[in-house]
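# An overview of the molecular structure
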Amino acid sequence: MLDLTNRPDLVIVADWIKPDSRVLDLGCGDGALLSHLAHHKRVNGYGLDLEDKYIPRCIHAGINIIQMDLDRGLAEFADNSFDYVVLSLTLQAMRHPEKLLEDMLRVGREGIVTFPNFGHWRARVQLGIFGSMPFTKTLPNTWYNTPNIHLCTLKDFEFLCKTLNIHILEHQAVDSEHRSNPGLKLFPNLLGEIALYRFERG
Amino acid sequence: MPDSIPPDSVGLVTPTTHHFQDPLKLSGGETLPDYELVYETYGKLNASGSNALLVCHALSSNHHAAGYYDPADKKPGWWENIVGPGKTINTDRFFVVCCNNLGGCFGSTGPSTIHPLTGKPYGPDFPIVTVRDWVISQARLADVLGIDTWAAVIGGSLGGMQVLQWSMDYPDRLRHAIVIAASSKLTAQNIAFNEVARQAIRSDPDFHDGHYYENGTEPQRGLRIARMLGHITYLSDDIMGEKFGRDLRDGKIGFDYSVDFQVESYLRYQADSFVGNFDANTYLLMTKALDYFDPAGHTQGNLSKALAPASCEFMVMSFTSDWRFSPERSQEIVKALHDNSLNVSYAEIQASHGHDAFLMKIPQYLNVFSAYMHRIEQEID
């Protein structure tokens, strides 16, 4: 079984998911989340990823993996076929994040996304004071060579949810060590490095 | 010829023939009163019978999936890259069975077999058999071998179609299905290629409406063209460019109709090595079996419905440059499987080799395939 030591954000996501549910994990990587859920919560489902290196790893971990490009959308998945559709640290790399969010709620009862917060104070200082694109632990790419083409802040994400009539059920912001603290709860958009949201159709 | 048989080969193998007395009612309505299947096995069946794998062959291959008949053999079995001790399909752990399908020309009952009543080869009178008929005959072979449930049924191309059929027709008799470079049905373009191949054979003056055996002839010209055409479609434009480009065989063009380019020479070589080893009537029959395969034909075109009886776990693989059985065809299969909430994994392997990639040692292909075989291995006792 793969553990979630390196991905504490997924520990929070795993906590949100009820036992015996069906999960579609978009951008599942090495299958750590599904593997964890399968062993601890009898969860079944599929992981989707495009990267070659993850396919044998997921198979090895006993995870169902389907190799596909998420930018193709989820058209091949039937309406309401999953309890949860998870998208962790991938939203910002999608060509059409808004379409994918809608697709997630077509295919699943609930959606869960996590993404790096572009409104974090370090990013703001780097851009606002020093005038250069942020380069941080959670945003470790140069502007010219990054998969992250649609970065947003917590505020931006919540505004999009409102526009798309998506109802946020639960949210949390954590630091780069994926920990929470009282300050983070007070100023999530300023202090949160990673944002986590659970939502449903409004 | 290998200097010596490589240590990761199953080594010298001997085929076995089984005579089946039970009549087999075929999809086309006819009945084979009795028939023979020739098969090979590699590895040892364990005490609980849980380590048996069935390998299904494609259009022009046969039961000789691995190993050598003789140390002097130029070539080993057709899936030597995959099947052997310590290989992806590890014969140290698994008991592997591969049979020549009915209608074949390598020892199983087919058009070139002597008809018991007439004393002459069946020829064109041999009934067209379908993928479904093959699977029934393979299930009977499993009975003979004392195999109740296959750990996995595995096949590429037309072999992958047999795997799909197994999962639908005998859901309790396999735990895993490995479907490689396959399709749930042929496209019009694919059927068209098959028809050109058949016309090449049937219009050869030596064909004699399929009764060529009695005339001591063989429609070699037709079969050669059919094979050349097939070969072009099994490769990709890229791999042909890479292998041959516009290379000239003799360094200059000849301004005549002999071989100028290397690719022509290659096609002629492929054709040469095919005729004499393959029966034209079998080629016709096998292409028909391909054309007719369409499990969703009984469910108003709904493949998800057709696959509803399946209960095993699936591994589906396709190759990016395969235009004869393209990744889209595999994606359709995968969709139908997850529509049924079945366990399925799917890998789209980057490869320039075209359809023939499923026979090759492509690192990502071997990684994925081996990972899945390892998973199956964990379950056997």
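Scope of this entry: the structure provided in the associated data block. Along every chain, residues carry numbers that run from 1 in the direction the sequence is written. Whichever chain is written first is A, and whichever ligand is written first is 1; the rest continue in order. It should be noted that, the model being predicted, local features are given only for residues of pLDDT at least 70 and side-chain atom pairs only at 80 or more, the latter also being counted only at that level, while totals for whole chains, interfaces and linings use all residues. With hydrogens and water excluded, all non-hydrogen atoms of the structure serve as input to the side-chain values.

### What about the overall build of chain B?
- Runs of H or I in DSSP of at least four residues are treated as helices and runs of E of at least two as strands, each being numbered from the N terminus. Of the regular secondary structure elements, chain B holds 10 helices and 12 strands.
- At 20 Å, chain B has a C-alpha radius of gyration in line with the 21 Å of a compact globule built from 381 residues.
- Projected onto its principal axes, the C-alpha positions of chain B cover 65 × 50 × 50 Å.
- Counting every position in chain B, which comprises 381 residues, the buried fraction comes to 57%.
- Should any heavy atoms of two residues lie within 4.5 Å, those residues are considered in contact. Expressed as a percentage of contacts within chain B between residues at least 6 apart in sequence, the contacts between residues at least 24 apart total 72%.
- When the accessible surface of chain B is summed, it comes to about 15,500 Å², and 51% of that surface belongs to carbon and sulfur atoms. Atoms considered for the radius of gyration are the C-alpha atoms alone. The globule rule reads 2.2 Å times the number of residues to the power 0.38. The rule is simple: take the accessible area with a 1.4 Å probe, protein chains only, and divide by the maximum for that residue type; under 20% is buried, over 50% is exposed, in between is partly exposed. Every accessible area reported is derived by Shrake-Rupley at a probe size of 1.4 Å, with residue values counting cover from the shown protein chains alone.

### Some remarks on a nonpolar patch on the surface
Residues and elements named next belong to chain A.
- Think of a patch as exposed residues, more than 30% relative accessible area, with no salt bridge, where like charges cluster within 9 Å and nonpolar side chains (Val, Leu, Ile, Met, Phe, Trp, Tyr) cluster within 5 Å. Any carboxyl oxygen of Asp or Glu within 4 Å of a side-chain nitrogen of Lys or Arg constitutes a salt bridge here. A cluster of nonpolar residues, Trp121, Leu186, Phe187 and Leu190, forms a patch on the protein surface that exposes about 410 Å² of accessible area.
- Inspection of the secondary structure assignment puts Trp121 in helix H5 (residues 121-128).
- Owing to a relative accessible area of 37%, Trp121 belongs among the partly exposed residues under this scheme.

### Here we look at the state of the cysteines
- Here, two cysteine sulfur atoms that lie within 2.5 Å of each other are counted as a disulfide. Tallied over the entire structure, the rule returns zero disulfides over all chains.
- As a non-bridged cysteine, Cys28(A) has Cys58(A) as the owner of its nearest cysteine sulfur, 4.1 Å distant.
- Judged by its relative accessible area of 7%, Cys28(A) is buried.
- Residue Cys56(B) stays outside any disulfide, its sulfur separated by 7.3 Å from that of Cys99(B), the closest cysteine.
- For Cys56(B), a relative accessible area of 1% translates into the label buried.

### Structural notes on the interface of chain A and chain B
- Taken together, the 19 residues of chain A in the interface contact 23 residues of chain B.
- Contact with chain B buries area across many residues of chain A, yet Ile59(A), Gln67(A) and Glu76(A) alone supply 32% of it, more than any other trio.
- The tally of links from chain A across to chain B stands at zero salt bridges.
- Within 3.5 Å is the distance limit for a polar contact, defined as a pair of N or O atoms, with the added protein rule that one can donate a hydrogen and the other accept it, and that residues adjacent in sequence qualify only through two side-chain atoms. For the interface between chain A and chain B, the tally reads 12 residue pairs in polar contact (both at pLDDT 80 or more).
- Residue assignment for the side of chain A that touches chain B shows that the elements contributing at least two residues are strand E2 (44-49), helix H3 (54-60) and strand E3 (65-67) of chain A. Here the quantity called buried area is the accessible surface, traced with a 1.4 Å probe, that two parts lose on coming together, added over both.

### Some points on the packing of helix H3 (residues 188-202) of chain B against helix H7 (residues 280-292) of chain B
Residues and elements named next belong to chain B.
- Inter-axis angles, ranging from 0 to 180 degrees, are taken between N-to-C directions of lines fitted to C-alpha atoms, where helices are fitted over the stretch in contact. One can describe the packing of H3 onto H7 by two numbers: an axis separation of 10 Å at closest approach and a directional angle of 160 degrees. Relative to H7, the element H3 lies roughly antiparallel. Handedness of the crossing formed by H3 with H7: left-handed. Along the contact surface, H3 presents Ile191, Asn194, Ala197, Arg198, Ile201 and Arg202, while H7 presents Ala280, Tyr283, Leu284, Thr287, Lys288, Leu290 and Asp291.
- Residue composition of the contact of H3 with H7, grouped by class: seven nonpolar, two polar and four charged. Any angle that falls under 35 degrees is termed roughly parallel, while one over 145 is termed roughly antiparallel, one within 65 to 115 roughly perpendicular, and all others oblique. Rotating anticlockwise by less than a right angle from the far helix to the near helix defines a left-handed crossing, while the corresponding clockwise rotation defines a right-handed one. Just so you know the grouping, Ala, Val, Leu, Ile, Met, Phe, Trp, Tyr, Cys and Pro go in nonpolar, Asp, Glu, Lys and Arg go in charged, and all remaining residues, Gly too, go in polar.

### Description of the packing of helix H4 (residues 220-234) of chain B against helix H6 (residues 262-274) of chain B
All names here are of chain B.
- The contact between H4 and H6 brings their axes to 9 Å, and the two run at 125 degrees. Relative to H6, H4 is oriented oblique. For the element pair H4 and H6, the recorded crossing hand is right-handed. Counted together, Leu223, Arg224, Arg227, Met228, His231 and Ile232 of H4 and Tyr266, Leu267, Arg268, Gln270, Ala271, Asp272 and Phe274 of H6 form the full contact between these two elements.
- In the contact of H4 with H6, the residues fall into seven nonpolar, two polar and four charged.

### Side note on unusual backbone geometry
Residues and elements named next belong to chain A.
- With a phi close to 65 degrees, Asp20 is a non-glycine residue in the positive phi region.
- Structurally, the position occupied by Asp20 is in the loop between helix H1 (8-16) and strand E1 (22-26).
- The backbone phi angle of Arg42 is positive, close to 50 degrees, even though this residue is not glycine.
- Within the element layout of this structure, Arg42 appears in the loop between helix H2 (32-41) and E2.

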